[in-house]
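Summary of structural features
For reference, the chains in residue letters:
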Amino acid sequence: MAAMAAESGLAEQWRAVLPQHEVLSRLREREAAAPAAARPPIIRNLLFGLDGDLFLWDGEHSALHTIGLRRLGGPEAAGLSRYQTLMCINPPLFEVYQLLLSPTQHHVALIGTKGLMVLEMPKRWGKNSEFEGGKSTVNCSTVPIAERFFTSSTSLTLKHAAWYPCETLEPHIVLLTSDNTIRFYSLKVPHTPIKVIALSDTEEETFTIKKGRAYTASLGETAVAFDFGPLVPVPKNTLGQRGSDEVLAYPLYILYENGETFLTYISLLQSTGNLGKLLGPLPMHPAAEDNYGYDACAVLCLPCVPNILVIATESGMLYHCVVLDGEEDDDQSEKSWDPRSDLIPSLYVFECVELELALKLASGDEEEPLESDFSCPIKLHQDPKCPSRYHCTHEAGVHSVGLTWINKLHKFLGSDEEDKDSLQELGAEQKCFVEHILCTKPLPCRQPAPIRGFWIVSDILGPTMICITNTYECITRPLLSTVHPASPPLLCTREDKEVTVSPLRILAASQHSFEKHIRSILQRSSANPLVLKSADKDAAPPPEECLQLLSRATQVFREEYILKQDLAKEEIQQRVKLLWGQKKKQLEELTYCREERKSLREMAERLADKYEEAKEKQEDIMNRMKKVLRSFHSQLPVLSDSEKDMRKELQTIHDQLQHLSNAIRQVKMKKEYQQKKMERGSSPQKPSINLSAYQSKCIQTVLKEEGEHIREMVRQINDIRSHVNF
């Protein structure tokens, strides 16, 4: 807990210190001194992060300024003035409006409407892992992409660019140009595309380049954006072959301005069959008369299976579409441009979300909010930490959207249910979270103040949004953690299946818990974002619009905060009353259970005494039964097997005793005979016998053998005696 509190304090510290950094201060001063110039309505994003560092593009000096976030949280104030500048050896000749980091994090794409250039990141070393050991200025090499192509075609513009998502190959970048063509470029061969996907006829595009705009562009039949999905196996009907080998490729979703979506599978390692063939337009269900808008501007594929597409329109509508395989009863075979393609994936519009681009102000106390006709392009950003959340940036502010129903959708698709119509019912159960973070057009009379940079910091003490405004004001806001996935458990905290779980924990984790009910009540459909006015300081807003803005904020606080909190308070009070009644009932049951436990304990003591008495009686009866059985067996007229074996053994021992008795008697007789011989030999009357040495030796040998024989017989006799006595 102490470590978490320290990390939270450190995060609050760098969030508060970052707007005061020297780089931002210098850029603010230079922007304030420069005259205001009209700029085209292009969404800019000149900010990105890498390894705890922020990179901000300086268009005047064609350089990247690096700010270390980890050094801002320390006790020293030296981090506010320390930064590195990455200079371009060959600076771009066009205006950069977007920075894009490669999947390998070694290159940065400098994107403009009239060209694209790739900057190679320098090496890091040293104590703090800074670029080239901590030099204040570092020169970086740059590679222009399709420079000859953009120079020769003056009317050609770059609409969208993205990196090829593979991390194992050499870096490749994908360009969508105004001639309705997608080109793939490699950094090794930056002037010649290695792959080209034409999205329309060649004759029409030739006419487009000459005249400036084709009829298809007027009708919205030109591509405006694209996005790659995660790596998936390509369907065999798309490949047009019957081979059993599985081919992996990246699905590329291409969005047209009229709302139609096309699909193609891209793999730079494979060139099998019809891989790379354009499929579509993908049918959308349920069908709509306006095809879900004619002003589509951005598409984003969330990294999940099945793929979820987010389609944004300039009017502020967001469509969450689930990409599922087509069914045989679909009428898409007639609409498909290629009759050989049997099944084309379909887009199931799960839900529609309308963003509040400009604040809706009421003209009176009892009137409805005025409908605003403000529209602008929207840029979709994927959240680097949470795959079920994304962010929207536009001229009028920033929104954050979290899809909390993705887990339920995966559970539904993984079940055995075949009814796909219940997807709409599933979507009606739990809507997505929309968080209005920043509003740069609070009043209708004001021009919007577009932002210059947007980034989500996920590796510095919690998810934080960093936004750089048009005047280089830095805004940091922590994001909601409602849609965050649960952290994976550690290896040392494996759950023991034998441990029982508390019923209260099971109730709290249930689907219909009271906590989730309160959260659903407190969930807000609108909020008061951070309001940022434009840089026009002289002109004061009309008092009527200021009053409308104040009334709108008051109404939001009343309806979305106070009323919902009062409703939640009533629910909690009612819940507390019910819990008090349940507690009283449980206390009574607890008292009754204690009395029952006391009586059961006394009964157990009595039963224990009876058990001891019954055990003693049982042992007495068992002893008596043993005596009866012993006496019964002793009176039987027939010997048992054991008694027969005992009798044989005793008979054998008796025979052995007789044999040993005879042997002892013979030994005694021999002993008496030897003694008599010895007495006769020691008598003086008899003459002495002189024996030779050989005779003496023979006699000694015989006597020795007899003595050993006698000792052996004595030992056998003792053994037999001891055995008989036993």
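Residues numbered from 1 in each chain as written. Predicted model: local features only at pLDDT ≥ 70, side-chain atom pairs only at ≥ 80, totals over all residues. Heavy atoms only, no water.

Regarding the overall build of the protein
Across its full length, the protein holds 14 helices and 32 strands. Burial status across the protein gives 38% buried among its 726 residues. Relative to all contacts within the protein whose residues are 6 or more apart in sequence, the contacts with residues 24 or more apart total 61%. For the protein, the computed accessible surface area is about 45,000 Å², with 54% contributed by carbon and sulfur atoms. (Helix = DSSP H or I, 4+ residues; strand = E, 2+ residues; numbered from the N terminus. Buried < 20%, exposed > 50% of the residue type's maximum accessible area, 1.4 Å probe, protein only. Contact = heavy atoms within 4.5 Å. Areas by Shrake-Rupley, 256 points an atom, 1.4 Å probe, with all protein chains shown as cover.)

Notes on the pairing of strand β30 (residues 464-468)
Within β30, 5 of the 5 residues are buried, which leaves it mostly tucked inside the rest of the structure. Here β30 shows two buried faces, one formed by Thr 464, Ile 466 and Ile 468 and the other by Met 465 and Cys 467. Inspection of the sheet shows strand β29 (residues 453-457) paired to β30 by 5 bridges, in the antiparallel sense. In the strand pairing of β30, Ile 456 is matched with Met 465. (Pairing = 2+ DSSP bridges.)

Concerning the nonpolar core
Residues Leu 302, Leu 318, Leu 380, Tyr 390 and Leu 403 are the most contacted members of the largest nonpolar core, which totals 30 residues. Those elements that provide at least two residues to this core are β21 (296-302), β22 (308-313), β23 (317-324), β24 (346-354), β25 (378-382), β26 (389-394) and α8 (406-414). At 4 residues, the largest contribution of residues to this core is made by β21. Other than its neighbours up to four places away in sequence, Leu 302 contacts Pro 230, Ile 308, Val 310, Pro 387, Tyr 390, Leu 403 and Ile 406. (Core = buried A, V, L, I, M, F, W, Y, C linked by side-chain atoms within 4.5 Å.)

Quick notes on a nonpolar patch on the surface
The grouping of Ile 572, Val 576 and Trp 580 at the surface amounts to a nonpolar patch, some 290 Å² of accessible area in total. Relative to the helices and strands, Ile 572 is located in helix α12 (residues 543-634). (Patch = residues over 30% accessible without salt bridge, like charges linked within 9 Å, V, L, I, M, F, W, Y side chains within 5 Å. Salt bridge = Lys/Arg side-chain N within 4 Å of Asp/Glu carboxyl O.)

Section: the pattern of salt bridges
This model, assessed by the stated rule, comprises 12 salt bridges. Here Asp 383 and Arg 389 are joined by a salt bridge, their closest N and O atoms 3.2 Å apart. Exposure remark for Arg 389: the relative accessible area of 2% places this residue in the buried category. When the shortest N-O distance is used, the salt bridge between Arg 715 and Glu 712 registers 2.3 Å.

Things to note about unusual backbone geometry
Put simply, His 285 and Pro 286 share a cis peptide bond, and its omega is -10 degrees. You can see Pro 286 is positioned in the loop between β20 (284-285) and β21. Cis geometry marks the peptide bond from Val 305 to Pro 306, where omega comes out at 0 degrees. Tracing the backbone shows Pro 306 in the loop between β21 and β22. Phi is positive for Ala 146, close to 50 degrees, though the residue is something other than glycine. Residue position: Ala 146 is located in the loop between β11 (142-145) and α3 (147-152).

Notes on helix α13 (residues 641-681)
Over its 41 residues, α13 runs 60 Å from end to end, which matches the ideal 60 Å to within 8%, given 1.5 Å per residue. Buried within α13 we find Ile 653, Leu 660 and Ala 663. (Expected span 1.5 Å × (residues − 1).)

Brief notes about a negative patch on the surface
Together, Glu 602, Glu 605, Asp 609, Glu 612, Glu 613, Glu 616, Glu 619 and Asp 620 make up a negatively charged patch on the protein surface. By the element assignment, Glu 602 lies in helix α12. On the accessibility criterion, Glu 602 (39% relative accessible area) is partly exposed. (Lys, Arg positive; Asp, Glu negative; His and termini not counted. Charge placed at Lys NZ, Arg CZ, Asp CG, Glu CD.)

Here's the deal with the sheet that holds strand β3 (residues 63-68)
Taking strand neighbours across the sheet as the criterion, the 5 strands line up as β1-β2-β3-β4-β10 in an open arrangement whose pairing is mixed. The open sheet has two free edges, formed respectively by β1 (47-50) and β10 (137-140), since each of these has just one partner strand. Direction aside, neighbouring strands of the sheet carry axes that sit 25 degrees apart on average. In this structure, β3 lies alongside strand β4 (residues 84-88), joined through 4 bridges in antiparallel fashion. Within the sheet, the bridge partner assigned to Leu 64 lies in β4 and is Leu 86. Sitting on the sheet, helix α2 (residues 22-33) touches β2 (53-58) and β3, and the angle it makes with β2 is about 20 degrees. (Axes fitted to C-alpha atoms, helices over the stretch in contact; angles between N-to-C directions.)

Quick word on the pairing of strand β7 (residues 115-120)
Burial within β7 is extensive, with 5 of its 6 residues counted as buried. What sits between strand β6 (residues 107-112) and β7 in their antiparallel hairpin is a turn of 2 residues.

With respect to the sheet that holds β29
If you trace the 3 strands from one edge of the open sheet to the other, you get β29-β30-β31, paired in antiparallel fashion. Each end of this open sheet is capped by a strand with a single partner; those strands are β29 and β31 (474-478). Taken pair by pair, the neighbouring strands of this sheet meet at an average axis angle of 15 degrees, ignoring direction.

Description of the environment of Glu 246
Within the element layout of this structure, Glu 246 appears in the loop between α6 (236-239) and β18 (248-256). Sequence separation between Glu 246 and Pro 233 is 13 residues; the distance between their C-alpha atoms is 6.4 Å.

A word on the packing of aromatic side chains
In total, this model carries 8 aromatic pairs according to the counting rule given. Every member of this aromatic cluster is reached through a ring pair, and the members are Tyr 164, Phe 226, Phe 228 and Tyr 250. The ring of Phe 131 has Arg 124 lying over it, and the distance from NZ or CZ to the ring centre is 4.1 Å. (Phe/Tyr/Trp six-rings, centres within 6.5 Å; stacked < 30°, edge-to-face > 60°. Lys NZ or Arg CZ within 6 Å of the ring centre and 35° of its normal.)

A few points about the confidence of the model for the protein
Per-residue pLDDT for the protein averages 79, and the proportion of residues at 70 or more is 76%. Below pLDDT 50 for its whole length, residues 202-213 participates in 12 contacts with residues either more than four positions away or in separate chains. Low pLDDT, under 50, characterises residues 329-341; the predicted model gives this stretch 20 contacts beyond four residues in sequence or across chains. (pLDDT = per-residue confidence, 0-100.)

Points about the side chain of Lys 379
When you line up the elements, Lys 379 lands in strand β25. Within the buried core, Lys 379 has no salt-bridge partner, and the shortest N-O distance to an opposite charge, that of Asp 227, equals 8.7 Å. Excluding residues that lie within four positions of it along the chain, Lys 379 makes contacts with Ile 43, Gln 98, His 160, His 391, Cys 392 and Thr 393.

Focus on the side chain of Thr 85
Examined against the element boundaries, Thr 85 turns out to sit in strand β4. Taking relative accessible area as the criterion, Thr 85 reaches 10% and is therefore assigned buried. Here His 65 takes part through its side chain, which lies 3.3 Å from a polar atom of the side chain of Thr 85. Those residues in contact with Thr 85 that lie beyond four places of it in its chain are Ala 63, Leu 64, His 65, Ser 136, Thr 137 and Val 138. (Polar contact = N/O pair within 3.5 Å; in protein donor to acceptor, adjacent residues only side chain to side chain.)

Side note on α2
Given a rise of 1.5 Å per residue, 12 residues ought to cover 16 Å, and the 17 Å separating the end C-alpha atoms of α2 matches this to within 8%. Among the structural elements, β2, β3, β30 and β31 are those in contact with the buried residues of α2.

Some points on the state of the cysteines
Within the structure shown, the criterion is met by 0 disulfides. No disulfide involves Cys 88; its nearest neighbouring cysteine sulfur is the one of Cys 140, lying 6.8 Å away. With relative accessibility at 10%, the residue Cys 88 sits in the buried group. No disulfide involves Cys 297; its sulfur sits 8.1 Å from that of Cys 376, the nearest cysteine. Given a relative accessible area of 15%, Cys 297 falls into the buried group. (Disulfide = S-S within 2.5 Å.)

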